[in-house]
Amino acid sequence: LVVRRGRRVIELSAPGPTKEGTVERVIETIPLHRVLVAGDDVADVASMRRAGELLGPRALRVGVVSAEAPAGLLDVSDVVVRSPAEVVAMLERF
């Protein structure tokens, strides 16, 4: 089993696909010009980091911060919001 520590949870799962790997496969498989990745957990930090590595400034990385936000979330976020509702409100503007 793989141990993944998340926000208020420790996840035990069989080895396999991760959010980071999925982001990488989607970006490499589909000819995307831009991508938005939003998250608030440890696995999201890795996927947001990978999106930035692959697309640079063409990846918009939105961190949803809270008191339980994982270390590194702010480091990989281009935009910071305080709730999932704020992510939706941001998207509705466009």
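Residues numbered from 1 in each chain as written. Predicted model: local features only at pLDDT ≥ 70, side-chain atom pairs only at ≥ 80, totals over all residues. Heavy atoms only, no water.

Draft legend 1. Layout of the packing of helix α1 (residues 19-29) against helix α2 (residues 42-55). α2 packs onto α1 with a crossing angle of 25° between their chain directions and a minimal axis gap of 7 Å. As summarised for this structure, α1 and α2 are arranged roughly parallel, according to the angle between their axes. Note on packing geometry: the crossing formed by α1 with α2 is right-handed. Residue-level inspection shows K19, E20, V23, E24, I27 and E28 of α1 in contact with α2, the latter providing A43, D44, A46, S47, R50, A51, L54 and L55. Taken together, the residues of the contact of α1 with α2 break down into seven nonpolar, one polar and six charged. (Axes fitted to C-alpha atoms, helices over the stretch in contact; angles between N-to-C directions. Helix = DSSP H or I, 4+ residues; strand = E, 2+ residues; numbered from the N terminus. Parallel < 35°, antiparallel > 145°, perpendicular 65-115°, else oblique. Left-handed = near helix turned anticlockwise from the far one by under 90°. Contact = heavy atoms within 4.5 Å. Nonpolar A, V, L, I, M, F, W, Y, C, P; charged D, E, K, R; others polar.)

Draft legend 2. Structural context of the pairing of strand β4 (residues 59-64). Of all the six residues making up β4, five are buried; the element is thus mostly covered by neighbouring parts of the structure. Bridge count for strand β3 (residues 35-39) against β4 is five bridges, and the pairing is parallel. Bridge assignment links A38 to a residue of β4, and that residue is V62. Taken together, the three bridges between β4 and strand β5 (residues 79-81) define a ladder with parallel strand orientation. Looking at β5, one finds that V64 is bridged to V81. (Buried < 20%, exposed > 50% of the residue type's maximum accessible area, 1.4 Å probe, protein only. Pairing = 2+ DSSP bridges.)

Draft legend 3. Examining the sheet that holds β3 more closely. With parallel pairing, three strands are arranged side by side in an open sheet as β3-β4-β5. Only two strands of the sheet have a single neighbouring strand rather than two, namely β3 and β5. With direction set aside, neighbouring strand axes in the sheet form an average angle of 20°. Seen against the sheet, α2 touches β3 and β4 and runs at an angle of roughly 160° to β3. Sheet strands in contact with helix α3 (residues 84-92) are β3, β4 and β5, and its direction is about 145° off that of β4.

Draft legend 4. The arrangement of the pattern of salt bridges in detail. For the structure on display, the rule yields four salt bridges. We note a salt bridge from R50 to E24, for which the minimum N-O separation is 3.1 Å. Of the two residues, R50 sits in helix α2 while E24 sits in helix α1, which places them 26 residues apart along the sequence. A relative accessible area of 19% means that R50 is categorised as buried. The structure contains a network of salt bridges with shared partners spanning E24, R50 and E53. (Salt bridge = Lys/Arg side-chain N within 4 Å of Asp/Glu carboxyl O.)

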